[in-house]
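Here is what each chain is made of, one letter per residue.
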Amino acid sequence: MASDELSGQIVSLQEKIKSASLPADLQEKVLERLARIARIGATPLAFDEFDRTAEYIDWLLGLPWSKKSEDVLDLTHTKTVLDKNHYGLGEIKDRIIEFVSVMKLNSDKVAQVEQVGQVDQVRAPILCFVGLVGTGKTTIASSIAQALGRKFARIPFGGMGDGLELRGQSKMHAEAEPGRIIKAVRQVGVKNPVVLLDEIDRVADSGRSSIMGVLVELLDPEQNQAFLDHYIDYPFDLSEALFVTTANNTTNISTAVLDRLEVISMPSYTDEEKTAIGKNYMLPKIVEESGLPHEVLHME
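Report follows, based on the coordinates.

Calculation notes
Residues numbered from 1 in each chain as written. Predicted model: local features only at pLDDT ≥ 70, side-chain atom pairs only at ≥ 80, totals over all residues. Heavy atoms only, no water. Buried < 20%, exposed > 50% of the residue type's maximum accessible area, 1.4 Å probe, protein only. Helix = DSSP H or I, 4+ residues; strand = E, 2+ residues; numbered from the N terminus. Pairing = 2+ DSSP bridges. Salt bridge = Lys/Arg side-chain N within 4 Å of Asp/Glu carboxyl O.

**Overview of the pairing of strand β6 (residues 242-247)**
1) Next: Counting buried positions along β6 yields six of six residues, so the element is predominantly enclosed.
2) Next: Burial along β6 is two-sided: L242, V244 and T246 facing one way and F243, T245 and A247 facing the other are all buried.
3) Next: Pairing analysis gives three bridges linking strand β1 (residues 126-130) to β6, with the strands arranged parallel. Bridge pairing in β6 places V130 opposite A247.
4) Next: Bridging between strand β3 (residues 194-198) and β6 involves four bridges; their strand directions are parallel. Considered in β6, the bridge of V195 is made with F243.

Put into structure tokens, the structure is as follows:
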């Protein structure tokens, strides 16, 4: 890369940063970093630093610092979505409708004042669906997102061995990148998605302590409003994200994390219920995905 080319790319990045909706102090910090590279000049050190900085800026510009979706807090709509996607589970559906009701009451309360900071907000609890494999834990979390009209992101915890997988690594390390939380938020493109933390009990024993430590922060509204990913190195507000968790059992979940969760047991299905689910829920989806006309199949 020639000196003129480097200068041109630095100017291009500076223009992108100035036109982006980044926090003011973060914008200033990144612009100063680019100015420092420009002062170094066309040297191997400057080229390497520019490549790392350009990748970092790409991540910053891809994050939804202020973009969010509008909630659909309609209890009738919520019930319709749950009944359409899930067979039975009456008590669990009722609890989810109560859960949405709390969100609606909180939203109505905030709407009555001009400044949210004046309100002692009532927050909906963080649900944790616990049950055996195949009981619908993941799909019911997806249905909550669909009912609320929010984007949905899933983060699998099975086999996770280090809290850094959630929080990312410092840019000082080679091949550093953000953690799974920031990656999920960037993927959905809004700051208030429904984030499924899937199978939080199935992390590796070696990293359980550090992972549970990150979860304590992530699930606490007083802390996650300034969640710090080591790679991004700037607080990101996750207080408007809605976290839902699942587990096969609660034995391997730390007490500090359980204190932040409302555990809901997912019952196993009977053979008759499995038949009804396969016939009325799974088969229509499979037929639609296959492209077969409905009239070519005959149910007996």
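Resuming the write-up.
**A few points about the pattern of salt bridges**
1) Next: For the structure shown, the criterion picks out 20 salt bridges.
2) Next: Among the ionic pairs, R208 bridges to D205, the shortest N-O distance being 2.5 Å.
3) Next: Using a relative accessible area of 17% as the deciding quantity, one classes R208 as buried.
4) Next: Within the structure, one salt-bridge network assembled from shared partners comprises K68, K191, D237 and E240.

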